[in-house]
Amino acid sequence: MSIAATVLDRIQRVTQAPKVSLHEPTFGGNELKYVTECIQTGWVSSVGEYVNRFERELAAYTGAAHAVVVSNGTSGLQVILELAGVRRDDEVLVPALSFVATANAVRHCGAWPHFVDSDPRTLGMDVDKLDAYLRDVTEQREDGCYNRRTNRRIAAVVPMHTFGHPVDMPALMAVAERHRLEVVEDAAESLGSWIGDRHTGTFGRCAMLSFNGNKIVTTGGGGAIITNDAALAKRAKHLTTTAKQPHAWAFFHDEVAYNFRMPNLNAAMGCAQLERIGQFIEAKRLLASRYAEAFRDVPEVSLFLERPGTTVNYWLQTLLLAPEVAPQRDEILTVANAAGQMTRPVWELLYTLPMYGTCERMDTPVADDLARRIVNLPSSPQLIPGVI
Ligand SMILES: *Cc1c(COP(=O)(O)O)cnc(C)c1O
């Protein structure tokens, strides 16, 4: 059997269905009830009790002191970069291997992404390599860390927890402190992923979560900012809600701000989804062990599994092809998708996109290699019917 046929066979053994998508949301809980209540009471838009409740429950779940819900993850990331002090023409360190929104949010602040290589053990940024690189290319000046090549300030670093697998945050925090960088986490994919007993997104100054339709918890579209910094949370709420000063009837806005609110309708859905996150994660973790088992006798591929000391949400199941079968990746994708088993390659590396081609970057041999070897497998929690 060809490797493509073998991979398809093993996927089918696990999914046991003729047509399977990559990740589909599931709404078997209180979603309809809460959303209906919004419509019946008229509280569908920019204020409402579900907005407050979703923020409280997200803070409680992640252990962050504060949560501010927003219109989507990208807008949330833009705002927290700004609040972390990123200014026009600064540089911000981001992984070369990420969704385009990570870099876009940096550009929306007028700053420049500066790309970092991946760690093959986490799929996130390589912290040791980053440290060595910064020692090499930067110098400390009065107001922070400067790229000697471009003469621009490097203001922040944005670790992204790929498919739910955490970056080595304790190590990254030490490196960021050494080089005087703010840490803003892109935790879009890692709601329900932990390092020890600490939730991803609670290590840096602040973090963004996404509730887009394909994420583990969805509000249709939406996002959140989480932080332990009370002043930052207050600023984030103000800046994402048109900077309106609270008043019974007057419209006074005290700065140029954004309309990045999450509508109550979406927050209602988020509350219902969050009630079931435990089940979603249980199903996804079981799915990971079933894939790992199914692929055990296929030495050319392996399932990417959680590292000791971490608990991973397994948002997207990740198959890693051995280097010798990497050239067959497209054939594997073609065969599986044609047979109704939706599989996807990872994103194109960000520095290969036309708008980011001239940005600063370190050598990225590991990201280049991973980009050719990652195949995401069907990951919906409904694939484990006993749990969902
Ligand atoms: C989904 C995602 C985002 C963007 O979130 P939206 O809510 O779609 O704006 C950002 N970064 C990563 C890594 C993501 O996966």
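Residues numbered from 1 in each chain as written. Predicted model: local features only at pLDDT ≥ 70, side-chain atom pairs only at ≥ 80, totals over all residues. Heavy atoms only, no water.

Focus: helix α5 (residues 100-108)
Part 1: Of the positions making up α5, those classed as buried are Ala 101, Thr 102, Ala 103, Ala 105 and Val 106.
Part 2: For α5, the secondary structure elements touched by its buried residues are α4 (73-83), β2 (91-95), β3 (112-116) and β7 (182-186).
Part 3: One or two residues past the end of α5 sits Gly 110, with phi positive at roughly 80°. (Buried < 20%, exposed > 50% of the residue type's maximum accessible area, 1.4 Å probe, protein only. Helix = DSSP H or I, 4+ residues; strand = E, 2+ residues; numbered from the N terminus. Contact = heavy atoms within 4.5 Å.)

Quick look at the pairing of strand β1 (residues 66-70)
Part 1: Counted residue by residue, β1 has 4 buried out of 5 residues, so it is predominantly covered.
Part 2: Relative to strand β11 (residues 223-227), β1 runs antiparallel, the two being bridged by 5 bridges. Following the sheet pairing, His 66 is matched in β11 by Thr 227. (Pairing = 2+ DSSP bridges.)

Quick notes on the side chain of Thr 364
Part 1: Structurally, Thr 364 can be placed in the loop between β15 (344-345) and α12 (365-373).
Part 2: Owing to a relative accessible area of 2%, Thr 364 belongs among the buried residues under this scheme.
Part 3: Non-local contacts of Thr 364, meaning those with residues more than four positions away in its chain, are made with Ala 96, Val 116, Asp 117 and Tyr 351.

Some thoughts on the site of the ligand
Part 1: Gly 73, Thr 74, Glu 189, Ser 210 and Lys 215 are the nearest of the 16 residues found near the ligand.
Part 2: For the ligand, an oxygen atom lies 2.5 Å from a polar atom in the side chain of Glu 189.
Part 3: Within the side chain of Lys 215, an N or O atom sits 3.2 Å from an oxygen atom of the ligand.
Part 4: For the ligand, whose free accessible area comes to 380 Å², the fraction covered by protein is 93%.
Part 5: At the level of secondary structure, the elements contributing two or more residues to the shell around the ligand comprise α4, α5 and β10 (206-210).
Part 6: Per-class residue counts for the shell around the ligand are 5 nonpolar, 8 polar and 3 charged. (Near = heavy atom within 4 Å. Polar contact = N/O pair within 3.5 Å; in protein donor to acceptor, adjacent residues only side chain to side chain. Areas by Shrake-Rupley, 256 points an atom, 1.4 Å probe, with all protein chains shown as cover. Nonpolar A, V, L, I, M, F, W, Y, C, P; charged D, E, K, R; others polar.)

Things to note about the sheet that holds strand β14 (residues 317-321)
Part 1: Spatial strand order, β12-β14-β16-β15: 4 strands in an open sheet with antiparallel pairing. Bordering the open sheet on either side are β12 (301-303) and β15, each of which pairs with just one other strand.
Part 2: Sheet topology note: the β14/strand β16 (residues 374-377) ladder contains 4 bridges and is antiparallel. Of the residues in β16, the one forming a bridge with Gln 317 is Leu 377.

Here we look at helix α9 (residues 264-274)
Part 1: When you tally the buried positions in α9, you get 10 out of 11 residues, the bulk of the element.
Part 2: What α9 keeps buried is the set Asn 264, Asn 266, Ala 267, Ala 268, Met 269, Gly 270, Cys 271, Ala 272, Gln 273 and Leu 274.
Part 3: Buried residues along α9 sit against α2 (31-41), α3 (49-62) and α10 (277-294).

Focus: the sheet that holds strand β8 (residues 194-195)
Part 1: Taking strand neighbours across the sheet as the criterion, the 3 strands line up as β9-β8-β13 in an open arrangement whose pairing is antiparallel. Only two strands of the sheet have a single neighbouring strand rather than two, namely β9 (198-199) and β13 (310-311).
Part 2: One ladder, built from 2 bridges, connects β8 with β9; its direction is antiparallel. Paired with Ile 195 across the two strands is Arg 198, which belongs to β9.

Bear in mind that shape data such as this cannot, by itself, settle questions of function.
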